[in-house]
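# Structural overview for review
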Amino acid sequence: MTAIEIATATTPTAPARPSRRRGLVRQLIDSKKALSGLVLLAVFALLALLAPVLAPGDPYLINSTGSQAPSAAHWLGTTAKGQDVLALTLWGARSSLFVGFTVGLVATAVAIVVGLASAYFGRIADDALTLVTNVFLLLPGLPLLIILAAFLPPGTSTVILVLVVTGWAGSARVLRAQAKSIRGKDFVAAAVVTGERPLRIMFREILPNMASVVMTTLLGCVIFGIGAQAGLEFLGLGDSSVVSWGTNLYWASNDGALMTGTWWAFVPSGVCIALVAFALALVNYAVDEITNPRLRSRRARRERRG
C-alpha cells in the first residue's frame, strides 16, 4: 500500500455540512403554538369568505320572532328584533377581520418608514420624527379615538384611519431602536461607502434583518385593530349599518340582551373576538420563542427533557 493510500485510509472522513438554518416560516409550521394559531385564523378567514354561501341574503333581515334561544332552525338563536345571530356573526367576521388586518398592515408600514428613516438619517430627522412619535405616545389613546371617531364621518374607512393614526407610534419606537442597532453594522457602512441609495439600504439591507421584530409588530397591530374597532363600535362611534362583531355587541347592548338574559345575542361575537386575539397571540408568542435566544434555549431544554 502506497503512502498516499495509507494517508487516505487513516484520515477520517469529513463530517457532513450542517443543514442551513431553517427559515422563519418553516420553524413556525413546526411550532405547535404557531400552527394552532394559524389553523384557527384560517378557519375564521374561511368562514368569513363563505358567509354569503352559509348565510345568504341580508343578515339584518328580520325572519323570525325575537329573542329565540338556539335551536335547529337558528343555531345561535335570534336577536330581540328577530335577526339570525349566526348570520350576523358570519358576516361580522368579514368586516372585523378586514379592518383588523388592514389596520395592522398600514400601521406597521407607517411604523417601518418612520423607524427606518429616523435610524438611518439620524440627527435632525431623528429628532423631528422622535418628537412626533413621542407626542402620539403621550396622547391618551381612548379619548383620542373617541374624539376622532365622533367628528369624522362614519364608515369603515374612518375607523381604519382613526386606528392607524392612534396605533403606529409604539411600533415605530420599537422598530427605530432595532434599526438603529443594525445601522451601525459593517455591512451597512459598506453599502453607504459603495454609494447605494438610502432607500435601497433601508429596505434591502436593514429591513430584512428586522423580519422577526416586524412580524411581531404586525401581529400586535392586528390584535389592536380588531379590539379597538369592536370597542369603538360598541360605544356607538362606528357605522351601525355595517355588520361587524362590534356592531353586534352594540345592538345587543341596546336591546338589553344582558338584562333579559338572552346571552346568545352577544356571546358569539365576544367569543369570536377573543379567539382571534388568542390565535394571533399564539403566533406572536411562537415568533418570539423562535427569534429570542433565551426562549429558544428554554424550548430546546424542554424538548430534550421530553
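Because the structure is predicted, anything quoted here is derived from the model rather than measured. (Residues numbered from 1 in each chain as written. Predicted model: local features only at pLDDT ≥ 70, side-chain atom pairs only at ≥ 80, totals over all residues. Heavy atoms only, no water.)

### With respect to the overall build of the protein
Summing up its helical and strand segments, the protein has 16 helices and zero strands in all. Across the 306 residues that make up the protein, the buried fraction comes to 37%. By sequence separation, contacts in the protein at least 24 residues apart represent 69% of the contacts at least 6 residues apart. As presented, the protein carries roughly 17300 Å² of accessible surface, and 67% of it is formed by carbon and sulfur atoms. (Helix = DSSP H or I, 4+ residues; strand = E, 2+ residues; numbered from the N terminus. Buried < 20%, exposed > 50% of the residue type's maximum accessible area, 1.4 Å probe, protein only. Contact = heavy atoms within 4.5 Å. Areas by Shrake-Rupley, 256 points an atom, 1.4 Å probe, with all protein chains shown as cover.)

### Some words on the confidence of the model for the protein
The share of residues in the protein with pLDDT of 70 or more is 88%, and the mean pLDDT across the chain is 85. Across the protein, helix α5 (residues 85-121) holds the top mean pLDDT of 95, while helix α1 (residues 3-10) sits lowest at 41. Of the regions scoring below 50 in pLDDT, residues 1-21 engages in four contacts with residues more than four places distant in sequence or in other chains. (pLDDT = per-residue confidence, 0-100.)

### Side note on the packing of α5 against helix α8 (residues 156-167)
Running from N to C, α5 and α8 cross one another at 40°; their axes reach a closest spacing of 9 Å. As far as their axial angle goes, α8 and α5 are oblique. Remark: the crossing between α5 and α8 carries right-handed chirality. Contacts between α5 and α8 involve F98, V99, T102, V103, V106 and A107 from the first element and T156, V159, I160, L163, V164 and G167 from the second. Of the residues assigned to the contact of α5 with α8, the class counts are nine nonpolar, three polar and no charged. (Axes fitted to C-alpha atoms, helices over the stretch in contact; angles between N-to-C directions. Parallel < 35°, antiparallel > 145°, perpendicular 65-115°, else oblique. Left-handed = near helix turned anticlockwise from the far one by under 90°. Nonpolar A, V, L, I, M, F, W, Y, C, P; charged D, E, K, R; others polar.)

### What about α5?
Along an α-helix, residues three or four apart share an orientation, since each turn contains 3.6 residues. If you check α5, its first and last C-alpha atoms are 53 Å apart, about what 37 residues at 1.5 Å a residue would give, namely 54 Å. Between the side-chain oxygen of the N-cap and the backbone nitrogen of L86 there are 3.3 Å, and the N-cap of α5 in question is D84. G122 lies just past α5 and shows a positive phi near 65°. (Expected span 1.5 Å × (residues − 1). Polar contact = N/O pair within 3.5 Å; in protein donor to acceptor, adjacent residues only side chain to side chain.)

### Digging into unusual backbone geometry
You will see that S67, though not glycine, has its phi angle at about 55°, which is positive. The topology assignment puts S67 in the loop between α4 (51-54) and α5. Positive phi, close to 50°, is recorded for R123, a residue that is not glycine. Structurally, R123 can be placed in helix α6 (residues 123-138). For R123, a relative accessible area of 75% translates into the label exposed.

### A word on the pattern of salt bridges
Under the counting rule described, the total for this entry stands at five salt bridges. Between K33 and E289 there is a salt bridge; the shortest N-O distance is 3.9 Å. You can see K33 sitting in helix α3 (residues 32-49) and its partner E289 sitting in helix α15 (residues 267-291), a full 256 residues away along the chain. Under the relative-accessibility criterion, K33 is labelled partly exposed at 31%. (Salt bridge = Lys/Arg side-chain N within 4 Å of Asp/Glu carboxyl O.)

### Quick word on the environment of L86
Within the secondary structure, L86 is located in helix α5. Classification of L86 by relative accessible area gives partly exposed; the value is 24%. Separated by 27 residues in sequence, L86 and P59 place their C-alpha atoms 8.9 Å apart. With sequence-adjacent residues up to four places away left out, L86 is seen in contact with W75 and L76.

### Some thoughts on empty space enclosed by the protein
Unfilled space is identified by rolling a water-sized probe across the atoms. Under the defined criterion, the tally for this structure stands at two cavities of 30 Å³ or more. Reported here for the largest cavity is a volume of approximately 100 Å³. For the largest cavity, the lining is made up of 13 residues, of which T79, L88, N248, W251 and A252 are closest to its centre. Elements with a minimum of two residues in the lining of the largest cavity: α5 and α13 (245-254). Taken together, the residues of the lining of the largest cavity break down into six nonpolar, five polar and two charged. Of the pockets and cavities examined, the second largest cavity occupies roughly 30 Å³. If you go around the second largest cavity, the residues you meet are A149, P154, G155, T158, V159, L237, G238 and D239. In the lining of the second largest cavity, the residues fall into four nonpolar, three polar and one charged. (1 Å grid on protein atoms, 1.4 Å probe; cavity = no way out; pocket = protein on both sides within 12 Å on 5 of 7 lines; lining within 4 Å. Points joined across faces, edges and corners; volume = space filled by probe spheres on them.)

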